[in-house]
Amino acid sequence: MLIYRDTTERFIEAVRENNLTNILEDNFKSSFGRAANISEINSWQNSLPRVRDLIELADLKNNYIAVEYEIPYNQNRIDCLLFGTGGNGDKNLILLELKQWSKVNALKDEGNFVETYVGGGDRVVPHPSQQAKGYHNYLLGFVEEFDKEPPMQLLSCAYCHNYSEDKDDGLFSPIYKAILEDYPVYTKDDTRKLADKIKSLLYNGDGFEVFNRFMQSPIRPTKKLLENVSKIVENKAVFSLLNEQLVAKNLIWSKVNKSKKSGKSSVVIVHGGPGTGKSLIALNILAEAAKKKMHVSYGCKSKPFTSGIQNLVGQAAQLLVTNLFRYTPSRVEEEQFDLLLIDEAHRIAKTSNFQFTRPEHRTDMPQVDQLVRCAKTSVFFIDDRQNVRSLEIGNSQIIRDAAERYNRRLFEVELNTQFRCMGSNDYLLWLESVLGYTDEKRILQESEVFDFKIFDSPDEIYKLIAEREQQKSNSARMVAGFCWPWSKQLDENGEFVKDIQIGDFAMPWETHGQITRVPKGYVKWFEWAYRTEGVKQVGCIYTAQGFEFDYIGVIIGDDLVYDPESDSLKADISATQDPTLRRGKQNFEIHVKNIYRTLMSRGMLGCYVYFTNKETEAYFRKHIE
């Protein structure tokens, strides 16, 4: 998706006639169903006339321009792309990251980050070259056209049209030398230089042909974290971190480095909804810390997720994974680790005691206190709306309280852009609205990219899910709310009991932990998400949380019902078969809504839903275009 595309001649004309912003506003509203905010409008008004100047100086003819191009599977947008042909016939594309900055402070110990005035205050943000690099690598990773013969060439740079160059400070400090060489920054003093560069790459025109080749290029399938985890653990660049992901990663490393120098310990909370890259950031940092031979530990309470990681990592990384991927120990010394990374921190329990904890290792200390005190830098990756178990109490506030008790400096960062659901933040905001997290009423617009459908029978969904799985392993799964019993034993024929029965539809849950001999052709419960045989069983929240699939089929049971008096959704505890949720009556409704929010956000390309309660279905349909 992009907001504006046209020939460079018509772009120049629109700027001259002062109606380009009006065109962009209209296109933005028709594309996103909402008005552009004032900061976006101001950036267009201030930066695009400078792009017009570059095009005129370069004397481009028969070229093409795209403005605000939305990258695949994500809602980040590239400011400007220019298309054309060079002297040797090369098909070239120039990526321009546009900045209005006029003053920048270099940050010596912060990697490729700077401090500048943005968003109403002075903030630490990625260097423009770092942003250009992120988009550059992202495009190369997903747009197949860059690998075809002859390949399309991509040049990525930043244009800070209000900035005066200072070789010894700011954007051009020597600490940024390496990245500036690959992804140069041009200032207002370099306008002619940049125009000459553009001319050398695009002066032979044919921009529309190059634009079509780029836009019609096949997009590679989404990259799933688990499928690439061995490369990540071996510290290979697989995913291109973007914008706030880079800010979060930089914040964590800056606190680790400062802890080494000052001896002062820190707590970092990384907030983020489904698919915002929390686990990706955690694993990236884990790999880098291990390479630096730091005393680092990664904690994740999800056995399916950690088991999947251990199963899929390459042999070279096996020892590292064996040492690091483990449940948080029940007893640790103060500041035992240089760095502790706690993934899915919403799953923190009251204490670390469990069924098999030895008496001498049992403790009354809250688990969150142990996690804070055991490391010089403790990092918690959390989504406060993914707490789905009554025995788990993890939330941002108890982490803040523990940091204060142990005199730790506290830092927080927010991840807003998500990569799941085809990068559709609108879908997640709609889902939260219809479930009642907010009072804002939203209507889900029909989408050409994310496939959301309500079906009349679960059989229809499963046939589609099975087809998707046959086309690509581990790409599709069925899940359901815990509204059917979960058999602990096989039937008299040694087969799974098909607990979930809806009319003619009948399927078993994922394998119960007490079933030690799994029937041939099936897998253990913690293997359900990453072994293709898992498609033959329905998963629940306990096996699906933390995973992502191309397509997810969701059966919403009678535990979520419509209340006509309040015209909203409520929870019915009598419908649940989950013994742990029954024990938490006070928070049952919160947990049920969190469960369905989590299940319905597992899909990267599509979500297919069946409702056992038709009044609940009607309520959802009422909020769909």
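In this report, we go over the structure that sits alongside the text.

Cut-offs used in this document
Residues numbered from 1 in each chain as written. Predicted model: local features only at pLDDT ≥ 70, side-chain atom pairs only at ≥ 80, totals over all residues. Heavy atoms only, no water. Phe/Tyr/Trp six-rings, centres within 6.5 Å; stacked < 30°, edge-to-face > 60°. Helix = DSSP H or I, 4+ residues; strand = E, 2+ residues; numbered from the N terminus. Buried < 20%, exposed > 50% of the residue type's maximum accessible area, 1.4 Å probe, protein only. Lys NZ or Arg CZ within 6 Å of the ring centre and 35° of its normal. Pairing = 2+ DSSP bridges. Axes fitted to C-alpha atoms, helices over the stretch in contact; angles between N-to-C directions. Polar contact = N/O pair within 3.5 Å; in protein donor to acceptor, adjacent residues only side chain to side chain. Contact = heavy atoms within 4.5 Å.

Quick look at the packing of aromatic side chains
- Scanning the entire structure with this criterion turns up 25 aromatic pairs.
- Taking the centre distance of 4.7 Å and the plane angle of 50° together, the rings of Tyr427 and Phe450 count as tilted. Linking Tyr427 in helix H15 (residues 425–435) with Phe450 in the loop between H15 and strand S15 (451–454), this pair joins segments that are 23 residues apart in sequence. Comparing Tyr427 with Phe450, the two get one shared label, buried.
- Seen in terms of ring centroids, Tyr551 and Tyr608 are 5.9 Å apart; in terms of plane orientation they differ by 15°. Their pairing is stacked. Pair noted here: Tyr551 is in strand S20 (residues 549–556) and Tyr608 is in strand S23 (residues 603–611), with a separation of 57 residues, a long-range link.
- Accessibility expressed as a relative area gives 13% for Tyr551, which makes it buried.
- Following the ring pairs from residue to residue traces out a cluster consisting of Tyr64, Tyr69, Phe83, Phe146, Phe208, Phe211 and Phe214.
- If you follow Lys536 out to its NZ or CZ, it ends over the ring of Tyr522, 4.5 Å from the centre.

Observations regarding the sheet that holds strand S10 (residues 266–272)
- The strand order across the open sheet built from five strands is S11-S12-S13-S10-S14, with neighbouring strands paired in parallel fashion. Both outer strands of the open sheet, strand S11 (296–300) and strand S14 (409–415), are each paired with one neighbouring strand and no more. Neighbour-to-neighbour, the strand axes of this sheet turn through a mean angle of 15°, independent of strand direction.
- The sheet contact formed by S11 and strand S12 (residues 337–343) spans five bridges and is parallel.

What about the pairing of strand S8 (residues 153–160)?
- Counting buried residues in S8 gives six out of eight residues, a clear majority hidden from the surface.
- Two elements, strand S4 (residues 91–99) and S8, share eight bridges in a ladder whose sense is parallel. Looking at S8, one finds that Lys99 is bridged to Cys160.

Some words on the side chain of Lys99
- The residue Lys99 is located in strand S4 in this model.
- The exposure class of Lys99 is buried, given its relative accessible area of 11%.
- Only 3.1 Å separates the side chain of Lys99 from the side chain of Glu97, close enough to count as a polar contact.
- Apart from residues no more than four positions distant in its own chain, Lys99 is found in contact with Pro128, Gln131, Tyr159, Cys160, His161 and Asn162.

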